[in-house]
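Residues per chain, in single letters:
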Amino acid sequence: MGEFKVHRVRFFDYMPSAIRSMAFNSHTERLAVARADGAVEIFNFADNYFQEKVIAGRDGRSIEAYGGPIWTISGNSEGTLLAAGCEDGTVKMFEVLEDRIQFQRNLSRQKGRIISLSWHPSGAQIAAGMMDMIRIFDSETGHATHRLLVDRGVGASKSREVVVWSVAFLNDHTIISGDSAGKVQIWDGLTGTLIRTHLVTKWDVLVLAVSQDESSVIAGTSEGTIVQFQFISSTVGQQDKLWVRTRTFKNHSHDVRALVHTDSAVISGGMDTQLVVRPLLDKVEKNTQESALRKIAFPHRNLVSCAKKAGLLLFQFPDHLELWRLGESDRNGTPGESLPVNRKPEKLIQLKTKGEDHICCSALSPCGSWLSYATVAAVRLYRLQISSNNISIQKVSKLPRELKSVHQLCFSSDSCRLFASSSFSSVVVVALNQTDCKYLHTLKHKSGSRQPIHILSPSEDGQWLATANTDCEIHVFNLRKMKLHCSVPAYSSCPTAVSIHPTTGNLVSVHADQQIFEFSLKQKEYSEWSRQLQRQGLHPLWLQRDTPVTSISFNPNNPAHIMLHDVFMFCIIDQSLPLPEAKTKFYNQMILRSLPQPQRLRESHAFKTCKNFQHLLSVNLLEDLSLVVVERPLVDIVAQLPAPVRQKKFAT
Amino acid sequence: WFPTCLLSNITLLREDMMSLPWDPTERDNMANKQRGEGTSVEKKAENKKGADDFNLALDSSDDEAPEEVTFEDSKARAVESLKLALDTARREKELLKEKRRKRQEFFQEQKVCLTFFSCIINISFLYKLGVHFYAVTAMWSTNLNSGLKGSYTVSTVTDRGQSDYQRQAAEDFIQSRLYGPGSCRSSNNEMLSLQNKTRADKSAAVQFVKKDWGAFKNTINEPQTML
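Since this is a predicted model, take the numbers as computed values, not measurements.

Student: Help me understand the packing of aromatic side chains in this model?
Tutor: Each aromatic ring pair is summarised here by two numbers: the centre-to-centre distance and the angle between the ring planes. Residues and elements named next belong to chain A. All told, the structure shown has 21 aromatic pairs over all chains when counted by the stated rule. An angle of 25° between the planes, with centres 4.2 Å apart, marks the rings of Phe11 and Trp324 as stacked. Note that Phe11 is positioned in the loop between strand E1 (6-9) and strand E2 (19-25) and Trp324 in strand E28 (residues 320-325), a separation of 313 residues in sequence. There is no split in this pair, since Phe11 and Trp324 are both buried. Measuring from centroid to centroid gives 5.4 Å for Phe24 and Phe45, while their planes differ by 55°, and the two rings are tilted. Remark: Phe45 occurs in the loop between strand E4 (40-44) and strand E5 (50-55) and Phe24 occurs in strand E2; sequence separation between them is 21 residues. Taking relative accessible area as the criterion, Phe24 reaches 27% and is therefore assigned partly exposed. Judged by its relative accessible area of 12%, Phe45 is buried.

Student: Hey, could you run me through unusual backbone geometry in this one?
Tutor: The phi torsion of most residues other than glycine is negative, and most of the peptide bonds are trans. Residues and elements named next belong to chain A. Here the residue pair Gln614 and His615 is connected by a cis peptide bond, since its omega of -10° sits within 30 degrees of zero. Secondary-structure assignment places His615 in the loop between strand E49 (607-610) and strand E50 (616-621). Unusually for a residue other than glycine, Asp132 sits at a positive phi of about 65°. By the secondary structure assignment, Asp132 is in the loop between strand E11 (125-129) and strand E12 (133-138). On the basis of relative accessibility, which here comes to 16%, the residue Asp132 falls in the buried class.

Student: Is there a simple way to explain the pairing of E5 of chain A in this structure?
Tutor: Regular strands place side chains that alternate from one sheet face to the opposite one. Residue and element names in this part refer to chain A. Relative to E5, E4 runs antiparallel, the two being bridged by five bridges. Bridging across to E5, Asn44 finds its partner in Phe50. Between the antiparallel neighbours E4 and E5 lie five residues, among them Asn48 with a positive phi of about 55°.

Student: Whenever I open this one, the pattern of salt bridges confuses me. Can you help?
Tutor: Between side chains of opposite charge, a pair can form when the charged atoms approach closely. Residues and elements named next belong to chain A. Across all of its chains, the model carries 25 salt bridges over all chains by this definition. Close ionic contact of Arg58 with Asp357 constitutes a salt bridge, the shortest N to O distance being 3.0 Å. Of this pair, Arg58 sits in the loop between E5 and strand E6 (70-75) while Asp357 sits in the loop between strand E29 (346-352) and strand E30 (359-364), placing them 299 residues apart in sequence. By relative accessible area, which is 28% here, Arg58 ends up partly exposed. Here Asp179 and Lys183 are joined by a salt bridge, their closest N and O atoms 3.0 Å apart. Per residue, the accessibility class of Asp179 equals that of Lys183, and both read buried. Salt bridges sharing partners connect three or more residues here, namely Arg8, Arg10 and Glu631.

Student: Where do I start with the nonpolar core in this structure?
Tutor: General note: in soluble globular proteins, nonpolar side chains tend to be found buried as a group. All names here are of chain A. Of all hydrophobic cores here, the largest spans 21 residues; its most connected members are Ile516, Trp542, Ile552, Leu564, Ile573 and Phe607. Among the elements of the structure, strand E43 (506-511), helix H1 (528-536), strand E46 (551-555), strand E47 (558-565) and strand E48 (570-574) are those that each provide at least two residues to this core. Ignoring sequence-local partners within four residues, the contact set of Ile573 consists of Ile516, Trp529, Ala560, His561, Ile562, Leu564, Ala606 and Phe607.

Student: Even after reading the chapter, I still don't get the confidence of the model for chain B, so can you show me in this structure?
Tutor: All names here are of chain B. Taken residue by residue, chain B gives an average pLDDT of 59. The fraction at 70 or more is 35%. Segment residues 1-28 is flagged for pLDDT under 50; beyond a separation of four residues in sequence, or across chains, it makes 25 contacts in the model. Overall, residues 112-149 carries pLDDT values under 50, and its contacts beyond four positions in sequence, including any with other chains, amount to 42 contacts. On the interface metric, ipTM, the complex scores 0.80, and its pTM is 0.78.

Student: Explanation requested: the sheet that holds strand E23 (residues 265-270) of chain A in the structure shown.
Tutor: Within a sheet, neighbouring strands are paired by backbone hydrogen bonds and run either parallel or antiparallel to one another. All names here are of chain A. With antiparallel pairing, four strands are arranged side by side in an open sheet as E22-E23-E24-E25. With partners counted over all chains shown, the strands left at the sheet margins are strand E22 (256-261) and strand E25 (294-296), one partner each. Across this sheet, the average inter-strand angle for adjacent strands is 15°, counted without regard to direction. Bridge count for E23 against strand E24 (residues 275-279) is four bridges, and the pairing is antiparallel. Opposite Ile267, over in E24, you have Val277 as the bridge partner.

Student: How should I be thinking about the sheet that holds strand E33 (residues 391-395) of chain A in this particular structure?
Tutor: Residue and element names in this part refer to chain A. Strand order in this open sheet of four strands is E30-E31-E32-E33, and the pairing throughout is antiparallel. Each having just a single partner strand, E30 and E33 make up the two edges of the open sheet. The mean inter-strand angle of the sheet, taken between neighbouring strand axes irrespective of direction, is 20°. Two elements, strand E32 (residues 379-386) and E33, share five bridges in a ladder whose sense is antiparallel. Paired with Tyr382 across the bridge in E33 is Lys395.

Student: Would you take a moment to explain the side chain of Thr72 of chain A for this structure?
Tutor: With respect to the helices, strands and loops of the structure, Thr72 of chain A is situated in strand E6. When sequence neighbours within four positions are dropped, the list of residues in contact with Thr72 of chain A reads Ala83, Ala84, Gly85, Ile114, Ile115, Ser116 and Leu117 of chain A.

Student: When you look at the environment of Arg196 of chain A in this model, what are you seeing that I'm missing?
Tutor: All names here are of chain A. With respect to the helices and strands, Arg196 occurs in strand E17 (residues 193-199). Taking the C-alpha atoms as reference, Arg196 lies 60 Å from Leu364; in sequence the two are 168 residues apart. When neighbours within four sequence positions are excluded, Arg196 is seen to be in contact with Val184, Gln185, Ile186 and Trp243.

How each quantity is defined
Residues numbered from 1 in each chain as written. Chains lettered and ligands numbered in written order. Predicted model: local features only at pLDDT ≥ 70, side-chain atom pairs only at ≥ 80, totals over all residues. Heavy atoms only, no water. Phe/Tyr/Trp six-rings, centres within 6.5 Å; stacked < 30°, edge-to-face > 60°. Helix = DSSP H or I, 4+ residues; strand = E, 2+ residues; numbered from the N terminus. Buried < 20%, exposed > 50% of the residue type's maximum accessible area, 1.4 Å probe, protein only. Pairing = 2+ DSSP bridges. Salt bridge = Lys/Arg side-chain N within 4 Å of Asp/Glu carboxyl O. Core = buried A, V, L, I, M, F, W, Y, C linked by side-chain atoms within 4.5 Å. Contact = heavy atoms within 4.5 Å. pLDDT = per-residue confidence, 0-100. Axes fitted to C-alpha atoms, helices over the stretch in contact; angles between N-to-C directions.

This is the structure:
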């Protein structure tokens, strides 16, 4: 397989943002996740929970409704009206029109802030969670009809107002509330009386979610637990049903701020920034892929660009970029040994964005002399000059006006071209010379898809550009003729990484469902190896991995190697070795090492995985054939989160 | 403050006002004489006598016709009262501007140490002031834009101070409820150490090389300010 000198990079201080709120569309099976920094991510639950799109956030994203900060927004079941609960005690009603949202009126103003809202399914009433009480409004007249008084906590908490963080209004006029005293309360919304109280935590119940059929309610707490209540009869056969506390899930280490209750799963997110999908075991088949707990902690795209020839790394943060020069070690050693560094890695440039929009994408040219990034509003291009004792960065001021609405950026391998994926699934090609850039061409395909291209991969020789969009299409363009060369046959899962082999000219793609394909650009058909892989099938352990492959690279010294990685492992596929069968031990590197040399070759299979580095954000091969591995251990992220609650463990 | 019957005449009279102060004309002098405001003392005395007579005459009989008032007279009076009214309005506008300026300064100073409760008081104060200001603007726009009958422009006071305060109050609220006193919070370091000690393969407590990692953090988001 070969030895690599590995640059282990742990100085990318990547910090994900807390999950603030979520919404699920059961028709399209998409989950929208809103983060604290204003970013919105879309996950496709039907395609192995792939993070299809990320809409970048903004500094200080606030909505002006002239009522002060908005605490909560809720739409009626028809989707025609939107109610917003404001800081000033008003519930503002907005009409949802085809092209905009229009203010309609205020409901009767209350003396405290409106923290949470819930519409009755009929749209006739709205329950509002406030301080020390819940108000029921008649949505027609705007008047408050009922006032439900919520008990404060016991002991020290008695002196503080109780905050009703969340309310749910059910069809039978039951109101369920979660508050800061740790209670989940069941109310009769018609009479305004309390039916039952459940104390579920010492801390706050921050969020509630109701299942579609209203038979199950989940409550998220500051402890990171999710408590389920089900509407069932306490004894079998009896008619009288009650809300009974059933399950407790401890999915998070920090506060749960957002919940979604689908038919088969509980989806939660909060301050620990991880998205957790917990299938309900009475709704799915046990011990299958479907029933597994899913935790999504890292982005499904690359935030690191590498200048292979210059040994530079570009880190993308929401509001700035960091350019680092890798360290050097001129010593050699044995595998597994840490080499002493004679020049430490160095941060060369920190580039802050101008304005409030966050960065969508960024790129660094292989030679390290060009840097580019894009926000929703603008594209920026910089010329870099880096020598051993001097660094200069020059902004290219006049950019072609075709460079707008950019979703992805990429430089050609000779650093003379910049590719930008633009609107309607097109790619803008721009030529770069010493000091400026010039628009060359817009590459388009004829599939009719309007989805943005999220992967751009130019070939090493500059002849081809492979592109992939979120409609699962892969199109390859001929850059010499500036037109479409071919499209890879449609496959149902979205590509997560695409790359063109420098010597064979084959396109290798890995998809969200972990499938791997190899497509010959010359013959315009799948390669023999790819067909064989499809016939045999991928190993079950490969298919069960729950993080996507985000980049593919090749080894110029060994054309049979395909290098890829996900968050938990780095793998080299050796196409000259036999493919592993389902019963073969997949992770066999340790075993192989213990075997004598002649036996090793007999036992080897094509997938050589290494789990030494975690959690991987990026793996690149430099021109000098050393590997750059960018790790971001999860514990380093957890260390910088806001404080968790104090858990009292027995004997501690 | 000025009678509605004068409203329709404002444009006309305002044009006249533009040419003030007048040079007194022959007619005005005569009007002055009649009112008893003369240039010479003798005239005054004479008039006074006349005035006395007039008064006496009034006292004695109500059947007498009222004093004749010339057009110039009433015009001058109307103009004067209008001038007074417009002056008052202008003064009030200046006062409001001054108030607004002072209010802005006041809030800039108070921004750092304003507590939640005082915020509520100020917000209601601002609302009252804001409403008044809108009304005044509307009225003025009606009168001055003679070409726009019935339509008017209302300008919004984009008072950043107020919205910043509300946002600060909301942030302070959630910050104090979730991370403030009584929230029983630990630190990430402690939590991770406990995890290490209570899992199957026990290991040592977590100690970060970077001193500020894992320490107690009592803010929700750094540096973002989203709720």
